[in-house]
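These are the residues of each chain, in order.
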Amino acid sequence: MDGGQIPACNFLLKIQEVEMRKTFIVGLVAAVLAIQVVTAQAGSLKQSGEGIELTVYNRNLGLVTERRYMDLKGGTSEIRYEGVAGMIDPTSLQFYSLTSPGKCRILEQSYQYDLVSDHSLLQRYLDKEIVVVTEDSTLYDGKLLSGGASRLAGSGSIILMRNDGRIVNIRLDKVREIRYPSLPEGLITRPTMVWEIDNAVAGKHLVEVRYLTGGIDWKSDYVATLSPDEKMLDLTGWVTLNNRSGGTYNNAKLKLMAGDLNLVTPASPTMKTNYAREAMLTDAAGEQFKEQSFFEYHLYTLQRPATLLNNEIKQIELLSASRVPIKKLYYYDGAKKRYAPPGYKGYIPAAAGNTKINIFIELANSEKNNLGMPLPAGKIRINKGDDEGSLQFIGEDTLGHTPKDETLTLYVGNAFDVVGERVQTDVRRIADRVIEESYKIKIRNHKRESVTVKAVEHLDRYTDWEIVRATAKYEKKDARTVEFPLQISAGKEAILEYTVRYKWSSLS
């Protein structure tokens, strides 16, 4: 066979059983995809042999580098590179002969992706004779006038002109079989790159092909388990790869790029798919990724070959750390400004009323704390064991890309047994362009142990302010925010009262 072509022959195509998948070119970053590789060194690219390397970005983008042997003729000739995906961006493709560098080059390339499918066959047989068999075994033959929609779309019809001139409209959901005399010329079974090359040295060449592909993505997810005393946690990180690119990578050397790289056009194409489901495969890998700084990003290399099937979600362990010291923090923002600890960039939902106490967990991403690895952005789920030893889910948050030695703060939820109350007790004008406001804040602790709650106040009426009276010490966090740390014993209540004086000029 040449280029995936099927010789013309009579055959029976059963719609229920055969649906060849087809995807289209969409967006700037679409690409060639995974070719079946016979590899001498699985997952390793060496000058002396074949292999495949896959770098996946967290932007729906992948970079494929493959080496394979090919028999090339001398002079100008055509070669076919089979197995590429339907989302190709031919402009990203690079071709090299490692056997004869500089003596073999591509003059012209074409991408062929007209695959066998219900739709393509019906379109190719317009105005031609076909045979349709319905569910009740009725046989219709005649000239195809209209092919309708794909059967998988759940609608559409086939319109035939029979030999006696009658027109028959057959609903696709009633069709059992469609019989075609032969496979039309031009349809192929696998997407293919066709190159016209100019080669100075005939013979067996080790060639390297590099290209970008869309339809492949990765993200990180973390699972944390708190210790019974809530002073430490165990952390496991997982990489989740989602391959919807139309190809399989066998025994590939897998690398993951984390960072905010710029793309001229975001690689988020809307793909046309007929996939019924996506396979789930969990790989509880004992080996971790090796991390390295790369340009202004971070690169994570799996220390063993991995196979990523088409239409598969695969999970691989990224990291595992135990007994990481943490701090549990309580914040009360009675003004409902959704305040969070410095450095926290997540989202805190608005509370009903102003009684909610927000709970945060803080930890340092350092080697001293059994971490110290740059953490890719992702979702983290937090668990804790109950009195019977069963793990219970207690909250989740998202973290951004977190460098080594940075502090990580996670919003877990709101306290049940610690509540706050805030009221404004007085407003007075004491001079021209000078006013004072007074507030009372109550924190009630219904827990069996003491807690420290940071009461947050936003002094944002005017920029020139001064706290002239307060029943507790405070810390200025920024130009308009202060925190009052309040320690509340078990079953007790803490009361904070303070007065702030604002001044402004006529230009304010």
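This section reports on the structure supplied with the text. What you see is a predicted model; the values in this text were computed from it and never measured.

Let us now look at the side chain of glutamate 436. Here glutamate 436 shows up in strand β28 (residues 434-445). At 2.5 Å, the side chain of glutamate 436 and the side chain of arginine 501 are in polar contact. If near-sequence neighbours (up to four positions away) are discounted, glutamate 436 is found in contact with Asp426, Val427, Arg428, Ile430, Val468, Thr499, Val500 and Arg501.

Okay, the pattern of salt bridges next. This model, assessed by the stated rule, comprises 29 salt bridges. Between aspartate 221 and lysine 219 there is a salt bridge; the shortest N-O distance is 2.8 Å. In this structure, glutamate 230 engages lysine 384 in a salt bridge whose closest nitrogen and oxygen atoms are separated by 2.7 Å. Of the two residues, glutamate 230 sits in the loop between β14 (216-226) and β15 (232-243) while lysine 384 sits in strand β24 (residues 378-385), which places them 154 residues apart along the sequence. Among the charged side chains, a salt-bridge network with shared partners connects Lys219, Asp221, Lys379, Arg381 and Glu396.

As summarised here, the arrangement of the six strands in space is β26-β23-β22-β29-β32-β31, forming an open sheet in which the pairing is mixed. This sheet does not close on itself; its edge strands, each paired only once, are β26 (407-414) and β31 (475-478). Taken pair by pair, the neighbouring strands of this sheet meet at an average axis angle of 35°, ignoring direction. For strand β22 (residues 327-332) and strand β23 (residues 357-364), the ladder comprises six bridges, and the chain directions are antiparallel. The partner of lysine 327 across the bridge, within β23, is glutamate 362.

Before going further, it helps to spend a moment on the environment of isoleucine 159. Within the secondary structure, isoleucine 159 is located in strand β9 (residues 157-161). Isoleucine 159 sits in the partly exposed class, given a relative accessible area of 22%. For isoleucine 159, the contacting residues outside a window of four places in its chain are Lys143, Leu144, Leu145, Ser146, Ile167, Val168 and Asn169.

Attention shifts here to the nonpolar core. Formed by 54 residues in total, the largest nonpolar core has its most connected members in Leu54, Trp195, Leu233, Leu241, Leu254 and Leu256. Discounting residues that sit within four places of it in the chain, leucine 256 has contacts with Val56, Trp218, Val239, Leu241, Phe289, His298, Leu299 and Tyr300. Counting residues in each nonpolar core, the second largest holds 26 residues, with Ile441, Ala455, Leu459 and Val482 among its members.

The element β23 is largely enclosed, with a buried count of six among its eight residues. Where β23 and β26 come together, seven bridges link them in antiparallel fashion. What sits directly across from isoleucine 361, in β26, is leucine 410.

Moving on, we get to the pairing of strand β25 (residues 391-399). Note that β24 and β25 share eight bridges and pair antiparallel. When the bridges of β25 are listed, isoleucine 380 appears paired with aspartate 397. The antiparallel pairing of β24 with β25 creates a hairpin that spans five residues between the two strands, and glycine 389 there sits at a positive phi of about 90°.

About the criteria used
Residues numbered from 1 in each chain as written. Predicted model: local features only at pLDDT ≥ 70, side-chain atom pairs only at ≥ 80, totals over all residues. Heavy atoms only, no water. Helix = DSSP H or I, 4+ residues; strand = E, 2+ residues; numbered from the N terminus. Polar contact = N/O pair within 3.5 Å; in protein donor to acceptor, adjacent residues only side chain to side chain. Contact = heavy atoms within 4.5 Å. Salt bridge = Lys/Arg side-chain N within 4 Å of Asp/Glu carboxyl O. Pairing = 2+ DSSP bridges. Axes fitted to C-alpha atoms, helices over the stretch in contact; angles between N-to-C directions. Buried < 20%, exposed > 50% of the residue type's maximum accessible area, 1.4 Å probe, protein only. Core = buried A, V, L, I, M, F, W, Y, C linked by side-chain atoms within 4.5 Å.

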